[in-house]
Amino acid sequence: MRLLRHVGSELAAHPGRSALSGLSLFIGVVAIVAIFTIGLVTFEVFVAGVEQQSGRRITISTHVDVPSRDPAAAIAAMNQALTPLPTAGGGFAVLTDAHGRFGRPTEFRDGSPLTGPNVAVTLVSGDLGTVRRLPVLAGGWFDESVDYPLQMVVNMPAAQILGGPGSVWLWQPTPNSRPLQIIVCGVIADGSADAHAYVPLLNLARLHPYAVIDAGDGTDSSLGVELLLHHPTATTAALRELAVAAAVAAGAQAPDAVERIDQVDHYRDQLRAQQTAFLIVAVIALTIAALGILNIGLASVSERARELVIRRAMGATRTQIVLQLLVAAAAIGAITAGLAVVVAVVGVQVWAPTLISPQSAATPPSFPWAAAGWGLLASVTTTLLGAAIPAALAARLDIATALRD
Amino acid sequence: MTEVVLTARALRRSVRLPGAEPLHILRGVDLEVAAGDSVAIEGRSGSGKTTLLAALGLLTTIDSGEIWVKGRRADHLSDAARARLRNDHIGFVFQSYSLIRQLSAQSNVALPLYYGRSWRRDGGQPRLRPAQRARELLKLVGLEGRERSRPRHLSGGEQQRVAIARALVRRPSVILADEPTGALDVATASSVMQVLLDATREEGVALIVVTHDPAIAKRMGRRLLLHEGVLHDMPAATRTTSAGGPSAT
């Protein structure tokens, strides 16, 4: 209680110094958090973009020519062969491109091709959202267990043309095929500036196998598909084995070329230099804040020393003097550090998400507690040092001599 | 019988200057001060008056001898114990006031109450509430209404009155005043000295004043001369202007 009175008296006696120390500490902590957050956001945006375009870390790709006599059965067999992958925390997708002419249900006249917007279409089986980072902006991915009505997921540019979830269109998988009714079920961010739609391959194969064969990148006897396999910790060799097993299960030849297509490690290496730069800036910010706090403490050593000597003459012991200053400094540190952390948390929650484009696959960063912790530790230590130096000097002085001087 | 509050026996203190012989400032000082006594210590500049006062106030160490405060030997105590004893029994008034400029007059006066072990209850005395006690003493020294003033807003005489109030706040046994009027003009010095004498009389506190000024010294009950490191009764010829008083040590 008495110590608290000392601290109150100390803070009241030096409001300017207390405020400046607190401000330096506050700026130090907030700057550290801000710099780290910007670093995290930048890193996340780069990595997310790469994962959005070419797949999450450890994704392989291969081309498989599936026999076309029963594409639905072949695709289902591939899916079955790849089932262990999602069970183990990975994912796969079977892709092939298709024709993308759309039209309003009212404009179709029997036999005439649709004249509506032309949007690139990819036929997809599996879980493309697991393989590539494709955040869902509205609605959701299609359900491959539901064949009718046919559904599709569109990216943002396509959503501007075709509309959002619930929009109904006619779609011609091939220029000469009969149009199918198709409903937009979700909007995703795929990082592409061009309009793009994703249609369930398996359902289309079940409903209109010839449409798939005609649409796919194949010949009359085969359907060419791209097989994407992802697992965060698997080896490329293990994924290659699975790809071969899936191709064989579908009755296709084992693929010749299987390559890793994700770019995450490559970009991480490049970003390491940038992360180091952010770390250096953070350390510089912290050092400047620390020097500011120390300077405030040292600038007033002689004035403080006289004041503290007077306190000793009035009966304060050395321990009381040192404790009084250290606890006062710690109180300033605790109050401003708490305030700084609150401001930093709010900033990270409110401000950091605004740095990320809505179409980006990047997720807002979580609060960098470790950085804030180091910032707090360094700042509070410096504040204590700034207070301890005059206290130590005053404690060593001969009172009579100091008062005479 | 009046209680002896401060005793010094054969105090010796010297300083060692670089490249010179030790300078013996105190060469065996004896002094006994009882409750309610007022003592003037006079002497030439450099005679060691301030050093003696610092030694008596436990602000500095001595080479040999004994210091007793309220019956307790104090010269060999630890720094913390000396600080507590100082806080409990000794008040100080310095020539340069030594107020903390960031604190108000009231906070300066209350300062000693925040240190020491028993500021809540001073023995059998009524409870000492710092703010209340500080206001009480500021009123006693004629500074009622100036409680919130900072030292820079007070005149020299007013600052010294704040220092006197601070010296009295713990109800000390003795007040040690080092040239308390040295920085003041004659009229203000006389008024401040009167405040100091009245306040110490009111509170029943012994007073030791180090001074150059015979006009100040003559208002004290006893006058001593520090000469060549030893205290002497003031020679009669010098005391012709004195108001007189007991001269025995």
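Scope of this entry: the structure provided in the associated data block. (Residues numbered from 1 in each chain as written. Chains lettered and ligands numbered in written order. Predicted model: local features only at pLDDT ≥ 70, side-chain atom pairs only at ≥ 80, totals over all residues.)

1. Things to note about the overall build of chain A
Okay, so step 1: Across its full length, chain A holds 14 helices and eleven strands.
Okay, so step 2: Sequence-distant contacts in chain A: of pairs separated by 6 or more residues, those separated by 24 or more amount to 83%. (Helix = DSSP H or I, 4+ residues; strand = E, 2+ residues; numbered from the N terminus. Contact = placed C-beta atoms within 7 Å.)

2. Digging into the interface of chain A and chain B
Okay, so step 1: The interface is formed by 23 residues belonging to chain A together with 22 residues belonging to chain B.
Okay, so step 2: The set of elements that each furnish at least two residues to the side of chain A that touches chain B consists of helix H1 (2–13), helix H11 (301–313), helix H12 (318–350) and helix H14 (399–404) of chain A.
Okay, so step 3: When grouped by side-chain class, the residues that make up the side of chain A that touches chain B number eight nonpolar, seven polar and eight charged. (Nonpolar A, V, L, I, M, F, W, Y, C, P; charged D, E, K, R; others polar.)

3. Observations concerning the sheet that holds strand E5 (residues 72–73) of chain B
Residues and elements named next belong to chain B.
Okay, so step 1: Taken in spatial order, the four strands make up an open sheet running E2-E1-E4-E5, and their pairing is antiparallel. Edge positions in the sheet fall to strand E2 (23–34) and E5, since each of these pairs with one other strand and no more.
Okay, so step 2: Of the pairings in the sheet, the one linking strand E4 (residues 64–69) to E5 comprises two bridges and is antiparallel in character. Paired with Trp 68 across the bridge in E5 is Arg 73. (Pairing = 2+ DSSP bridges.)

4. Observations concerning the sheet that holds strand E7 (residues 174–178) of chain B
Residue and element names in this part refer to chain B.
Okay, so step 1: Taken together, six strands build an open sheet; the order of strands is E6-E7-E8-E3-E9-E10 and the sheet is mixed. The two strands at the open ends of the sheet, each matched to only one other strand, are strand E6 (90–93) and strand E10 (230–233). Taking each pair of neighbouring strands and ignoring which way they run, the sheet shows an average axis angle of 25 degrees.
Okay, so step 2: Relative to strand E9 (residues 222–227), strand E3 (residues 38–42) runs parallel, the two being bridged by four bridges. By the bridge assignment, Ile 41 is partnered in E9 with Leu 224. (Axes fitted to C-alpha atoms, helices over the stretch in contact; angles between N-to-C directions.)

5. What to know about unusual backbone geometry
Residue and element names in this part refer to chain B.
Okay, so step 1: The residue Leu 58 is not glycine, and still its phi comes out positive at about 60 degrees.
Okay, so step 2: Following the sequence through the fold, Leu 58 ends up in the loop between helix H1 (49–56) and E4.
Okay, so step 3: Judged by the 27 C-beta atoms lying within 10 Å of it, Leu 58 is buried. (Buried ≥ 20, exposed ≤ 12 C-beta atoms within 10 Å, placed from the backbone.)

6. Comments concerning the packing of helix H3 (residues 71–82) of chain A against helix H9 (residues 236–249) of chain A
Residue and element names in this part refer to chain A.
Okay, so step 1: Running from N to C, H3 and H9 point in directions that differ by 145 degrees, and their axes come no closer than 8 Å. Pair H3 / H9 crosses with right-handed handedness. Of the residues in H9, those in contact with Ala 77, Met 78, Gln 80, Ala 81 and Leu 82 of H3 are Leu 242, Ala 245, Ala 246 and Ala 249.
Okay, so step 2: The residue inventory of the contact of H3 with H9, partitioned by class, reads eight nonpolar, one polar and no charged. (Left-handed = near helix turned anticlockwise from the far one by under 90°.)

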